[in-house]
Amino acid sequence: MQDRLFPDDEAPAAAVPAVPPPAPAPPAVPAPRSRARQVRPAPWPAEFAELAARLPGRLHLGTSSWSFPGWDGLVWQGEYTESMLARRGLATYAQHPLMNAVSLDRAFYQPLTVAQYAAYAEQVPAPFRFVVKAPSVVADALVRREDGQGMRANEGFLDPGLAWSAFVEPALQGLGAKAGALVFQLSPLAPAMLARMPHWIARLQAMLAALPPLDALRAQAPDLVIAVEVRNADWLVPAFAEALRAGGATYCLGGHAKLPPIAEQLPVLRALWPGPLVCRWNLHRSHGAYGYEDAKALYLPFDKLVDPDLETRTALARVARATTAAGHQAYLTIGNKAEGSAPLTVEAMARLLAD
């Protein structure tokens, strides 16, 4: 309401020129904080830059995704929501001296568009590389409900046309030279399917062979690797390695309790030597094949190492050194559920590799 200089019954007899009231202030509109705020980087130790300089030049080290509020003080400085970090955290993540790669795990749940891939690529510097999971429409043998329960067979499983149109082509167009490893992570097969492994290995080989030759794809992405990750040990036979070689692909080491330890998976990689290394280290073996939720409950908010796995670290460091020394790319991405905090595992791996 307008303030008056005098009440009505005390108005002076002589006319006084009216004083115009001040214009009412516009209603306060809260600033869109989430749009204006930027994700600030953590004050990383100065030694990280020196440590990074000692790492192999062809090593691409990082984590599985990045939108974790518990990384406050490790990757970013401040309290941010998961959605804020998903939208704006990648550029800050990519400034970390020890992280020059990240796994785009969300690509598994729904195919990403060229524009979505390009938006990610724009947020990172030129040497940064992406490890990308193929969408489930081509990499999962089953169509699943939201809770993960299989409903029916997926007719698109290992389909060559879908492998190109829903995955390889848009990833290459959007990421360009920043495309690192494109990974067909094949979900667990049902027991009836495991009884027909020669059939599925042949179908995998046909899908890989239908893609353009790797040399042609590397015209867009010079460091590109096509890799296959599995969730059943039944795949790990000589015929599987032969199919990968014939299709111009490599094996992605799976750090997961559904598979044997990393050291026991190395014979597949040796059968493909010389060649690149791709590894996605996702889950500490102590939690068992279905222990993601147990690990999550134990490790949240992912700000400390809870279960250091020196055996896996040592095996990975050994093969990464050999791979890069032979002139090939090495992609290693790590999840929070591997040891409790992915950034701290990255730091531990960097120290091991630099020594």
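This is a predicted model, so every value here is computed, not measured. (Residues numbered from 1 in each chain as written. Predicted model: local features only at pLDDT ≥ 70, side-chain atom pairs only at ≥ 80, totals over all residues. Heavy atoms only, no water.)

Focus: the overall build of the chain
- Within the chain, the secondary structure is distributed over 14 helices and ten strands.
- The buried share of the chain, reckoned over its 355 residues, is 48%.
- For the chain, the share of sequence-separated contacts (at least 6 apart) that also reach a separation of at least 24 residues comes to 75%.
- Surface accessibility of the chain: about 17100 Å² in total, with carbon and sulfur atoms responsible for 57%. (Helix = DSSP H or I, 4+ residues; strand = E, 2+ residues; numbered from the N terminus. Buried < 20%, exposed > 50% of the residue type's maximum accessible area, 1.4 Å probe, protein only. Contact = heavy atoms within 4.5 Å. Areas by Shrake-Rupley, 256 points an atom, 1.4 Å probe, with all protein chains shown as cover.)

Details of the packing of aromatic side chains
- Within this structure, the stated rule accounts for eleven aromatic pairs.
- Taken together, a centroid distance of 5.7 Å and an interplanar angle of 85 degrees make the contact between phenylalanine 68 and phenylalanine 302 edge-to-face. With a gap of 234 residues between them, phenylalanine 68 in the loop between strand E1 (59-64) and helix H3 (82-93) and phenylalanine 302 in the loop between helix H12 (292-299) and helix H13 (310-325) connect regions that are remote in the sequence.
- Using a relative accessible area of 4% as the deciding quantity, one classes phenylalanine 302 as buried. (Phe/Tyr/Trp six-rings, centres within 6.5 Å; stacked < 30°, edge-to-face > 60°.)

Comments concerning the side chain of serine 187
- Within the secondary structure, serine 187 is located in the loop between strand E6 (179-185) and helix H7 (191-194).
- Residue contacts for serine 187: discarding those within four places in its chain leaves Phe108, Ala139, Asp140, Arg144, Arg231 and Asn232.

Let's talk about the environment of serine 64
- Position of serine 64 among the secondary structure elements: in strand E1.
- Note on serine 64: relative accessible area 8%, which makes it buried.

Here we look at the nonpolar core
- Within the largest apolar cluster, 102 residues are counted, with the highest numbers of intra-cluster contacts made by Tyr93, Phe130, Phe184, Trp235, Phe240 and Tyr251.
- If you look at the next biggest cluster of nonpolar residues, it comprises eight residues, including Val131, Val183, Ala227 and Tyr331. (Core = buried A, V, L, I, M, F, W, Y, C linked by side-chain atoms within 4.5 Å.)

Things to note about helix H11 (residues 262-271)
- Within the span of H11, buried status applies to Ile262, Gln265, Leu266, Val268 and Leu269. Considered in projection along H11, the buried side chains sweep an arc of 160 degrees and stay on one side of the axis. Of the exposed residues in H11, the ones pointing more than 90 degrees away from its buried face are Glu264 and Arg270.
- Looking at the buried side of H11, the elements it contacts are helix H10 (238-246), strand E8 (250-255), strand E9 (277-281) and H13. (Arc of directions from axis to C-beta.)

Brief notes about the pattern of salt bridges
- Counted according to the given criterion, the structure contains eleven salt bridges.
- Residue arginine 54 is joined to glutamate 50 by a salt bridge in which the shortest nitrogen-to-oxygen separation is 3.3 Å.
- Overall, arginine 54 belongs to the partly exposed group, its relative accessible area being 37%.
- When its relative accessible area of 44% is taken as the criterion, glutamate 50 is described as partly exposed.
- We note a salt bridge from glutamate 229 to arginine 280, for which the minimum N-O separation is 2.6 Å. Pair noted here: glutamate 229 is in strand E7 (residues 225-229) and arginine 280 is in strand E9, with a separation of 51 residues, a long-range link. Each member of the pair glutamate 229 and arginine 280 is classed as buried.
- It is possible to trace a salt-bridge network through shared partners that takes in Asp105, Glu229, Arg231 and Arg280. (Salt bridge = Lys/Arg side-chain N within 4 Å of Asp/Glu carboxyl O.)

Thoughts on the sheet that holds strand E2 (residues 101-104)
- With respect to topology, eight strands assemble into a closed barrel ordered E1-E2-E3-E6-E7-E8-E9-E10, the strand pairing being parallel. With direction set aside, neighbouring strand axes in the sheet form an average angle of 25 degrees.
- With five bridges connecting them, E6 and E7 associate as parallel partners. From the neighbouring strand, alanine 181 faces E7, where its bridge partner is valine 225.
- Where H3 meets the sheet, it contacts E1, E2 and strand E3 (129-133), and its direction lies at approximately 155 degrees from that of E2. (Pairing = 2+ DSSP bridges. Axes fitted to C-alpha atoms, helices over the stretch in contact; angles between N-to-C directions.)

Side note on the packing of helix H4 (residues 114-121) against helix H6 (residues 160-175)
- Here H4 crosses H6 at 40 degrees, and the two axes come no closer than 7 Å. Here H6 runs oblique to H4, going by the angle between their axes. The interaxial crossing formed by H4 with H6 has right-handed handedness. Of the residues in H6, those touching H4 at Val114, Tyr117, Ala118 and Ala121 are Phe167, Pro170, Ala171, Gln173, Gly174 and Leu175.
- When its residues are assigned to classes, the contact of H4 with H6 shows eight nonpolar, two polar and no charged. (Parallel < 35°, antiparallel > 145°, perpendicular 65-115°, else oblique. Left-handed = near helix turned anticlockwise from the far one by under 90°. Nonpolar A, V, L, I, M, F, W, Y, C, P; charged D, E, K, R; others polar.)

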